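Listed below, chain by chain, are the residues.
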Amino acid sequence: MASIGDNSGNQTALERQAAILAEPVTAERGMANAIRALTIDAVEAAKCGHPGMPMGMADVATVLWTKFLKYDAADAKWPDRDRFVLSAGHGSMLLYALLHLTGHEGMEINDLKQFRQLHSVAAGHPEYREHPAIEMTTGPLGQGFATAVGMAMAERLLAAKFGKSLVDHRTWVIAGDGCLMEGISHEAGALAGHLKLNKLIVLFDDNSISIDGGTELSTSEDPLKRFSGYGWAVRRIDGHDFSQIQAALQFAQKSAKPVMIACKTIIGFGAPSKAGTAGSHGAALGGAEAEGAKRALGWDHLPFTVPENIYAPWREAGTRGATARRAWLKRAQKHPQKAEFERVMAGKLPDGLAEAMSNYKAGLIASMPKLATRQASQKALEVLVPVMPELVGGSADLTGSNLTQVKGMAAVAPDNFTARYIYYGVREHGMAAAMNGIALHGGLIPYGGTFFVFTDYMRPSIRLAALMGIRVIHVLTHDSIGLGEDGPTHQPIEHLASFRAMPNVLVLRPADAIETAEAWELAIRNTSGPTLLVLSRQAVPALRDSANGNKSARGAYVLAEADGKRAATLIATGTEVALAMAARATLAKEGIQVAVVSAPSFELFGKQDKSYRESILGTAPRIGIEAASGFGWERWLGEDQKFIGMKTFGASAPAEDLYEYFGITEAAIVAAVKQAGV
Ligand SMILES: Cc1ncc(C[n+]2csc(CCOP(=O)(O)OP(=O)(O)O)c2C)c(N)n1
Ligand SMILES: [Mg+2]
C-alpha cells in the first residue's frame, strides 16, 4: 500500500511518465514546463508548499490559459472576463506561475521568490485581494468549486438582465480529488446541474492521489457517474495529451450542460521518483529530486529563470483577450443600460433607497406593529426588493419560515434567469458558497435564508466570506428557544457567541420592526463582510417611538433611560429586549428605576469609542439578558455581573413554557435587579 513518500505504488505512473518524457519537448510542453520549474523553485525556496498539483496540471492549465480562457492581463477586473477558480487551492503556485508568465502586473519573479512569506502576494493559498486576478480565496477543499457555481449563476442572471453584449463569459474551475470528495461538491454539483449552468466547466485533476496516499484507500466512487447523474456533461481525457485537452475544452464550450472533464494526470509530473505519489503533494521535492525533475523535463535554466523564447508566447497569451476587451468597452460605452451596469458592478446603492426606507420606518412608528422580527424582515424586503434590482434572494427550502420571498420575485430556473429568487433546496452549505460566488462575481447582492441553528452547515462558507470581506446577507430565523416545540436540535444556543468570535462577521439581532429595518440597512451598507440577521419566529411588540437616524448602527444604545439615577442597567438583544422593558416597568412601580439598553450588535458596539460605550453601559450594576449562551457577555458585564440566559441546550415545549423553565423571565430580571443590591 502506498504511503507518503513511498513510490512502490506508482510504477505505472512512472512508466507512463517515462513514455511521455521520451517524446521531444513540444512548444506547449515547454511552456507548461515553465510552470513546473517555477513551482519547483518557489517551493524549494520556501522549503514548503505543494509542488505536485501544479506539476500535474501544468499541461491542462497551459491549454486553458493560452487558448480558451477569456482574459486580458492588462485589466484583471474586466467585468466580462472568464472567471478562473483554483478550487484545489493548495496548488497555488499554478495560479501564481500563470499570472506571472502571462504578464499580470503585481506578480513579478520577485513575488514568486517570496512565496509563502509574510505579506507576499504569493501566499500559501490564493488569497482574494492579494492580487486582482485572484478571484477568490481557496484552500478549504470544495469551497472554490461551490463558489464557482454561484459565479456561474451570477453570469446567467446578469446576462438575462443586461444582454449578451455586456455579459457573456464562462467560469472555469480546477478541482482535485479532495474537492470532489467533500460533501459540498454534491450540493453545488446538483444545483448547477439543475440550473443547467452550461458555462461552468470543471477540470478535475484526476490524479488518484491525496495526502494519505492513493485515493483507493478511501474511495471507490466514479465522480463522472455522479456528476452525470446531476445532469452534467462529462468527459475523461489524458491530462498530458495536448490534443485531447484541446478537444475536451472545445467540447466544453459547446455544451448545453455544466461540464466536468476528468483529466487523468500524474501528480508531480517530471519528478523522477516522487511523481505519481503523495510524496509530491505537499512538501518540497528536495535538492536531488528537484534537479532530477528539471533534467527529466529538459529544463536547463537557473532557478527562477525563464528563457525569452518561453516568456514570449506566454506574454502573447496574456494579451490574447485585448481585442475582445476593447470591443467590449466600445459596446459598453454605447449600451443603453451602461449607467446601471456600472452602478451595480461597482456595488453602489441606488437612488431612492434611503428615501424608501425612511418612509417605511416612519410608517412603522405610526402603526407600532407587533411582529416577529422575521416578519419585519419580510416587510423590509418588500421595500428593498423593488428599489434594489441587484438583490437576489433565496432560501434553503425554508422560504415560508424565513420569509425571504416577496411579491414579484419569480423562481430562478434554467429557462428563467430574469427571475430573482433562488430555491437553493436543502443545501445550506451549497447556498452559502453560491452566495459568496454571486457576491464575488459582482453586480448582485445575494441574501439567503435558513434557520439560525443550521449555520453549522454553512460555517466554512461564512468564514470564507468574512476572510474575503464580501457582502453577503444571511437571513437566519428561529433564533432561540423561542421557536418552541421543534426542540433543542433546532434551538441555537451557542451560535451567537460563536459568530461574535469570528472576525469580520456582522451579527445583528434586532428587537423589533424598526431595529429590523435598521439591521437591513446596515447589512446592505456592509460592503466588507457577511452580515447575519438573526431573527425571531415569535412576535415582539414595537419598542421604539422614533425612527430618526439608525440607532442600531452604534451596536447598542439606551432604549429607555432610568427615570432618575440608574439603579441598574439591563442589557438585552432581540426578543429579550421586550422582557427587559416589561421588567423596567414593573420595577418602576416599586420605585426602582432601571435603564434598558438594546444591543443588536456586539461588533458595532465594540467599535464605538470608549466614552460612548461607558455612557451607554453606565456605572450601575449591569444585567445581561439573551436566550443564548452567556459566553462573551463578560465583555459588557465584567466578571461579577448577572447574566440571564442559557446554560444548556434547549428543550421541546411551547415557547412560553421554555422561557419559564429556563428562567428567562420578567420575574427573574426583577429579582436579579433586587439581588444586585438595590
Ligand atoms: C476541507 C479541507 N480538508 C482538508 C484539507 C487538507 N488538505 C489539503 S490538500 C488535501 C488532499 C487533497 O487531495 P487532492 O485534491 O487530490 O489534491 P492533490 O494531492 O491531488 O494535489 C487535504 C486533505 C483542506 N485543505 N481542506
Ligand atoms: Mg489528487
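Predicted model, so just to flag it, every value in this text is computed and none were measured.

Colleague: Explain the overall build of the protein to me, and be specific about the residues and the numbers.
Modeller: For the protein, the count of helices and strands is 27 helices and 20 strands. A compact globule built from 678 residues would reach a C-alpha radius of gyration of about 26 Å, and the protein, at 28 Å, matches this within 12%. Seen through its C-alpha atoms, the protein measures out along the principal axes to roughly 95 × 55 × 45 Å. Classification of the 678 residues of the protein by burial places 61% in the buried group. Counting only contacts in the protein whose residues sit at least 6 apart along the sequence, the fraction spanning at least 24 positions is 79%. Carbon and sulfur atoms make up 52% of the accessible area of the protein, which amounts to about 25,100 Å² in all. Looking at the protein, you have 67 positive and 69 negative side-chain charges, and the mean spots of the two groups are 5 Å apart.

Colleague: Mind laying out the site of ligand 1, listing which residues take part and the relevant values?
Modeller: Near ligand 1 lie 15 residues; those nearest to it are H90, G178, N207, I209 and H281. At 3.0 Å from an oxygen atom of ligand 1 is found a side-chain nitrogen or oxygen belonging to D177. One of the backbone N or O atoms of G178 is found 2.8 Å from an oxygen atom in ligand 1. Compared with its free state, where it exposes 590 Å², ligand 1 has 73% of that area covered by protein. Class assignment of the residues belonging to the shell around ligand 1 gives a composition of six nonpolar, seven polar and two charged.

Colleague: I'd love a proper account of the confidence of the model for the protein, names of residues and values included.
Modeller: On average, residues of the protein score 97 in pLDDT, and 98% of them reach the 70 mark or higher. Contacts of residues 1-8 to residues separated by more than four positions or lying in other chains number 13 contacts, the stretch itself having pLDDT below 50.

Colleague: So, helix α27 (residues 666-675): which residues are in play, and what are the values?
Modeller: Of all the positions in α27, only I669, V670, A672 and V673 are classed as buried. Projected onto a plane normal to the axis of α27, the buried residues spread over an arc of 160 degrees and lie on a single side. Of the exposed residues in α27, the ones pointing more than 90 degrees away from its buried face are A667 and Q675. Along its buried surface, α27 packs onto β17 (568-572), α22 (576-589), β18 (594-598), β19 (622-629) and β20 (642-646).

Colleague: Account for the layout of surface pockets, with residues named and values stated.
Modeller: Roughly 490 Å³ of volume is contained in the largest pocket. Together, 25 residues line the largest pocket, and Y128, M345, A439, L440 and G442 are the ones closest to its centre. Going through the elements one at a time, α14 (338-346), α18 (428-441) and β11 (445-451) are the ones with two or more residues in the lining of the largest pocket. Grouping the amino acids of the lining of the largest pocket by side-chain chemistry returns eleven nonpolar, six polar and eight charged.

Colleague: With reference to specific residues and values, describe the pairing of strand β9 (residues 391-395).
Modeller: The buried fraction of β9 is high, at five of five residues. Here β9 shows no split at all, with L391, G393 and S395 on one side and V392 and G394 on the other all buried. As paired elements, β9 and β11 share three bridges and run parallel to each other. Bridge pairing in β11 links L391 to I445. Direction of pairing for β9 relative to strand β10 (residues 421-423): parallel, over a ladder of three bridges. In the strand pairing of β10, G394 is matched with I422.

Colleague: Break down the coordination of the magnesium ion (ligand 2) for me, with residues and values.
Modeller: Those donors, D177 (OD), N207 (OD1) and I209 (O), are the protein atoms that reach the magnesium ion (ligand 2), and they lie 2.1 Å from it. Of note, the donors binding the magnesium ion (ligand 2) are all from one chain and are spaced D-x29-N-x1-I. Of this pair, D177 sits in helix α7 (residues 177-181) while N207 sits in the loop between β3 (200-206) and β4 (209-210), and the two are 30 residues apart along the sequence.

Colleague: Tell me about the environment of A517, and please be specific about residues and values.
Modeller: Mapped onto the elements of the fold, A517 is located in helix α21 (residues 513-525). Sequence separation between A517 and D212 is 305 residues; the distance between their C-alpha atoms is 50 Å.

Colleague: So, a negative patch on the surface: which residues are in play, and what are the values?
Modeller: The grouping of E485, D486, E656, D657 and E660 at the surface amounts to a negative patch. Examined against the element boundaries, E485 turns out to sit in the loop between β12 (473-477) and α20 (495-501).

Colleague: Summarise unusual backbone geometry; cite the residues concerned and give the values.
Modeller: Unlike most non-glycine residues, K196 shows phi in positive territory, near 50 degrees. Among the secondary structure elements, K196 is positioned in the loop between α8 (184-194) and β3. The exposure class of K196 is partly exposed, given its relative accessible area of 47%. The phi dihedral of M368 is positive, around 45 degrees, even though this residue is not glycine. Topologically, M368 is positioned in the loop between α15 (353-367) and β8 (371-372). Residue classification places M368 among the partly exposed residues on the basis of a relative accessible area of 35%.

Colleague: A description of empty space enclosed by the protein should follow, citing residues and the corresponding values.
Modeller: Within the structure shown, the criterion is met by three cavities of 30 Å³ or more. In terms of lining, the largest cavity is formed by 14 residues, of which the most central are Y71, R81, H104, A133 and E135. A per-class count over the lining of the largest cavity returns eight nonpolar, one polar and five charged. In this structure, the second largest cavity occupies an estimated 50 Å³ of space. Lining the second largest cavity, in full, are F84, V85, L86, L95, P126, A133, I134, E135, M136 and T138. The element that contributes the greatest number of residues to the lining of the second largest cavity is strand β1 (residues 83-86), accounting for three residues. Residues belonging to the lining of the second largest cavity are distributed by class as follows: eight nonpolar, one polar and one charged.

Colleague: Break down the sheet that holds β10 for me, citing the residues and quoting the values.
Modeller: Spatially, six strands are ordered β10-β9-β11-β12-β14-β13 in an open sheet, and the strand pairing comes out parallel. The sheet is open, and its two edges are formed by β10 and β13 (506-508), each paired on a single side. Strand-to-strand twist across the sheet, computed as the mean angle between neighbouring axes with direction ignored, equals 20 degrees. Contacts from helix α16 (residues 373-387) reach β9, β11 and β12 within the one sheet, and its direction differs from that of β9 by about 150 degrees.

Colleague: Account for the packing of aromatic side chains, with residues named and values stated.
Modeller: Using the criterion set out here, one finds 21 aromatic pairs in the structure. Where Y661 meets F662, the ring centres are 4.9 Å apart and the plane angle is 80 degrees; that geometry is what we call edge-to-face. Using a relative accessible area of 64% as the deciding quantity, one classes Y661 as exposed. For F662, a relative accessible area of 17% corresponds to the buried category. Through pairs of rings, three or more aromatic residues link up here, namely F602, F605, Y612, W633, W636 and F643. Here R235 stacks its cationic end above the ring of F251, 4.0 Å away from the centre of that ring.

Cut-offs used in this document
Residues numbered from 1 in each chain as written. Chains lettered and ligands numbered in written order. Predicted model: local features only at pLDDT ≥ 70, side-chain atom pairs only at ≥ 80, totals over all residues. Heavy atoms only, no water. Helix = DSSP H or I, 4+ residues; strand = E, 2+ residues; numbered from the N terminus. Rg over C-alpha atoms; globule rule 2.2 N^0.38 Å. Buried < 20%, exposed > 50% of the residue type's maximum accessible area, 1.4 Å probe, protein only. Contact = heavy atoms within 4.5 Å. Areas by Shrake-Rupley, 256 points an atom, 1.4 Å probe, with all protein chains shown as cover. Lys, Arg positive; Asp, Glu negative; His and termini not counted. Charge placed at Lys NZ, Arg CZ, Asp CG, Glu CD. Near = heavy atom within 4 Å. Polar contact = N/O pair within 3.5 Å; in protein donor to acceptor, adjacent residues only side chain to side chain. Nonpolar A, V, L, I, M, F, W, Y, C, P; charged D, E, K, R; others polar. pLDDT = per-residue confidence, 0-100. Arc of directions from axis to C-beta. 1 Å grid on protein atoms, 1.4 Å probe; cavity = no way out; pocket = protein on both sides within 12 Å on 5 of 7 lines; lining within 4 Å. Points joined across faces, edges and corners; volume = space filled by probe spheres on them. Pairing = 2+ DSSP bridges. Donors = N, O, S within 2.8 Å, 3.2 Å for Na, K, Ca; no water. Patch = residues over 30% accessible without salt bridge, like charges linked within 9 Å, V, L, I, M, F, W, Y side chains within 5 Å. Salt bridge = Lys/Arg side-chain N within 4 Å of Asp/Glu carboxyl O. Axes fitted to C-alpha atoms, helices over the stretch in contact; angles between N-to-C directions. Phe/Tyr/Trp six-rings, centres within 6.5 Å; stacked < 30°, edge-to-face > 60°. Lys NZ or Arg CZ within 6 Å of the ring centre and 35° of its normal.

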